[in-house]
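Understanding the architecture of this molecule
Here are the chains, one letter per residue:
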Amino acid sequence: MSVFPATAAAKAADRRAARTGGTGPASRNQRAAYLFIAPLGLGFALFYFWPMIQTFYFSFTEFGPFGGHTWIGGDNYARVVKDVTVWQALGNTLVYCGIGLTALPLALVVASLLNRRGLRAVPLYRALYFVPFVTLPVAVGLVWNWLYNGDFGLLNEVLGWFGVDRHYWVSDPSTAVFAIGAVMVWSTTGYYLIIFMAGIKGIPRDYYEAAELDGAGAVRRFFTITLPLLSPTIFFASVICMIQSLQVFDLIYIMMGEKNPAVGDTQSVVGLFYKWAFTENAQGAAAALAFLLMLLIAALTYLQFRLQRRWVHYG
Amino acid sequence: MRRRTLLCSGLAAASAPALAACADQGGGGSEGGGRGTLSYGMWDPAQVPGMKRIIAAFQRRNPGISVRIELTPWASYWTTLKTSMRGGTAPDVFWMNAVNFQLYAAHGVLEPLSERIARDATPLDRHPAQLVRLYAYDGTQYGIPKDFDTIGLWYNKALFDKARVPYPDSTWTWDDLRDAAAELTDPHERVHGFAAEMQRQIVIYPCVYGAGGYVLRDGHSGFGDDRTVEGLRFLTDMIDRGWSPPQSAMVENIGRVRFWSEKTAMVYDLSAMAGQMYAVPALKDHAGVTVLPKGRERATVIHGLANVVSAKSDKKAAAWKFVHFMAGREAAEIQAGSGVTISSHTGTQDAWISSMPEFDLRNFIAMKKYAVPYPSSKNTAVWENLQYPLLGAAFSGKGGIEGAARTLGEQMDRALKEERDR
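Below you will find a few notes about this structure.

Scoring rules and cut-offs
- Residues numbered from 1 in each chain as written.
- Chains lettered and ligands numbered in written order.
- Predicted model: local features only at pLDDT ≥ 70, side-chain atom pairs only at ≥ 80, totals over all residues.
- Heavy atoms only, no water.
- Pairing = 2+ DSSP bridges.
- Helix = DSSP H or I, 4+ residues; strand = E, 2+ residues; numbered from the N terminus.
- Axes fitted to C-alpha atoms, helices over the stretch in contact; angles between N-to-C directions.
- Contact = heavy atoms within 4.5 Å.
- Buried < 20%, exposed > 50% of the residue type's maximum accessible area, 1.4 Å probe, protein only.
- Left-handed = near helix turned anticlockwise from the far one by under 90°.

A look at the sheet that holds strand β8 (residues 151-156) of chain B
All names here are of chain B. Across the sheet, four strands lie side by side as β9-β12-β8-β13; this open sheet has mixed pairing. Since the sheet does not close on itself, it has two edges, and those belong to β9 (192-194) and β13 (287-290), each with one partner. Each strand of the sheet is rotated relative to its neighbour by a mean of 30 degrees, with strand direction disregarded. Where β8 lies against β13, four bridges are found, and the strand directions are antiparallel. Along β13, the bridge assignment pairs Y155 with G288. Of the strands in this sheet, β8, β9 and β12 (264-270) touch helix α8 (residues 174-184), which is tilted by about 140 degrees from β12.

Some words on the sheet that holds strand β3 (residues 93-96) of chain B
Pairing between the strands of a sheet is mediated by backbone hydrogen bonds and can be parallel or antiparallel. Residues and elements named next belong to chain B. Across the sheet, five strands lie side by side as β2-β1-β3-β15-β6; this open sheet has mixed pairing. The strands lining the two open edges of the sheet, one partner per strand, are β2 (65-71) and β6 (143-145). Shown here is a sheet whose adjacent strand axes are inclined to one another by a mean of 25 degrees, direction ignored. Here β6 pairs with strand β15 (residues 306-309) via three bridges, running antiparallel. By the bridge assignment, P145 is partnered in β15 with A306. Of the strands in this sheet, β1 (36-42), β2 and β3 touch helix α2 (residues 48-61), which is tilted by about 165 degrees from β2.

Some words on helix α4 (residues 98-106) of chain B
All names here are of chain B. The element α4 is largely enclosed, with a buried count of eight among its nine residues. Along α4, the residues that are buried comprise A98, V99, N100, F101, Q102, L103, Y104 and A105. On its buried face, α4 is in contact with α3 (74-87), β3, α6 (129-134), β4 (136-137) and α19 (380-391). Just beyond α4, the residue with positive phi is G108, at close to 70 degrees.

A few points about the packing of helix α4 (residues 84-101) of chain A against helix α11 (residues 218-246) of chain A
All names here are of chain A. At a minimum axis distance of 8 Å, the contact between α4 and α11 shows a crossing angle of 145 degrees. Note on packing geometry: the crossing formed by α4 with α11 is right-handed. For the pair α4 and α11, the contacting residues are T93, L94, Y96, C97, G100 and L101 in the first and S238, C241, M242, S245 and L246 in the second.

Section: the environment of A127 of chain A
Assignment of secondary structure puts A127 of chain A in helix α6 (residues 122-134). Separated by 121 residues in sequence, A127 of chain A and V248 of chain A have C-alpha atoms that sit 24 Å apart.

As structure tokens, then:
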């Protein structure tokens, strides 16, 4: 995630350097810029890019559990495409992605509410909303499992006051995906809230004052000023949010457990990858799966960049 | 005589690095000459104190060798081990289980021990034959059992008294269990008679074997077998009738926990859990244990861990001395005395039995006669992973156990065929 703004900054520095030619103080600047990004770049090359290339290579091999591999061509990809559990996991992952994206409108509404003039204790609210995001997914999953618990959970207890029957939220295949999705949204909203609040701060106050003088209400101001001027931020957040929800794993792993009858209905692509690679010793097929997921993410991100022309306004 | 409590495990875990630090001074590894510092890989912090005592006894007899425990938590034990095997930093001696054994043996990363066993007259015959066989591959012995566990029927005497049902004993059959489960179920108190949990080692396999079915035989799945289905139906039927909670409920509160909180009157559970049962005050008071009730046949499942030597170790002679020592009576007695697991060495279990006099733990050892070894193949995890997703609906009261079992049988056969073709 942190790679994103840093490379953007580096590119900008690059462009500036290119404009001013390759000599003199500018090129010193350029060198300095590269020096600054070198640690990150090195880490990225060593721990992300090189493994990525390796993964691509290993996806064409049968990988022994104790090392050693033999080239088997496209067999792994054939296995991935033919396996019904892959398609089921892909479907589940898209559902998670859809649910995960609802964090954005939620965060947007809360951000604009928190941005009202005269509201006190804003830092406190901000911190409260942010806490779930910085809490370990393992802890989050365990606590929510307690809340959802069919026999002793708080949720059933509260619903019971209204005459709702007790329900096993995370082990009923029809509700498990949504139960997990709700936790996902709960734990990521704070992050997008911070981004949106920063974005709103960047919108000049005068616009709102002028609109207010013209008699625009709060809702009108939100839709005609906040929303269009915040669209670049929303776009950035939606790209990040989609990528993150397509890679969801830890929360599901913690909340479901292997004996849950809803396991098949909640397994994500990364969850399936984990199972193949680390419990079934099928690292080659797992590498193929991981690579296909990367392609999917790349394709959807490209699509988002194409579509942004229609709705993102760069002031 | 230490019981396994959370506190005790925590202390053991905390003291492990200190132990590693002080054992480090043992000197560098001389090539295969039976001297140097050995690393011993294991995962259970509760067994660290006992293992330390065994190591101390071993070091007294072998002054040139020291042993350092490498404790890796269960959750990452196997991935860490596989990675360290690739990197050449695997422990010299380490714990092995049945699920993983054949994979390791087939890939040649374990040291064959048959010749050394014959040469040093290691008392293999003092260990349960089923367990010894579990750790042989293609006629070669690679591991020596260190402990074993069987599964017994645990029951809550207070709930039995309340329902006026006589306690279970060794004469019980499946019919008795069913009748008692019906009597003991009390919907108002949310008490269930039995926990027919979807748990392969503790519940499913014992019932499959008890019905005269099988899980794996000659490389073929037994899940399509009529007897196997009968064993599974024995379990799902109790769920359908409301005598056991459905699996959907037991995901969140497992049978063991329900038994601890006295909401389930009977459960199947491991001998290794005796210490934890003993630590629950109410259960120490009024829980009992007996042999599993008889279905068509008498059966329970036996599993145990083994000590193995890494084929990549550069101190194999010393490593073997340690494994040989742990197979003997002295080490077994120390292990039994530490009260965590049953030592697999025959005749050394008294200390374990007398450590919890309120429970009749002899039942676990009595079942050794007809205990079936935990089924395994070269890539056990692949077909084991098929079980829960396919059986989950039937174990949640949705019916269809026969269809689910036959589908599982077909898919498992396919996985086994792939395993052979590899």
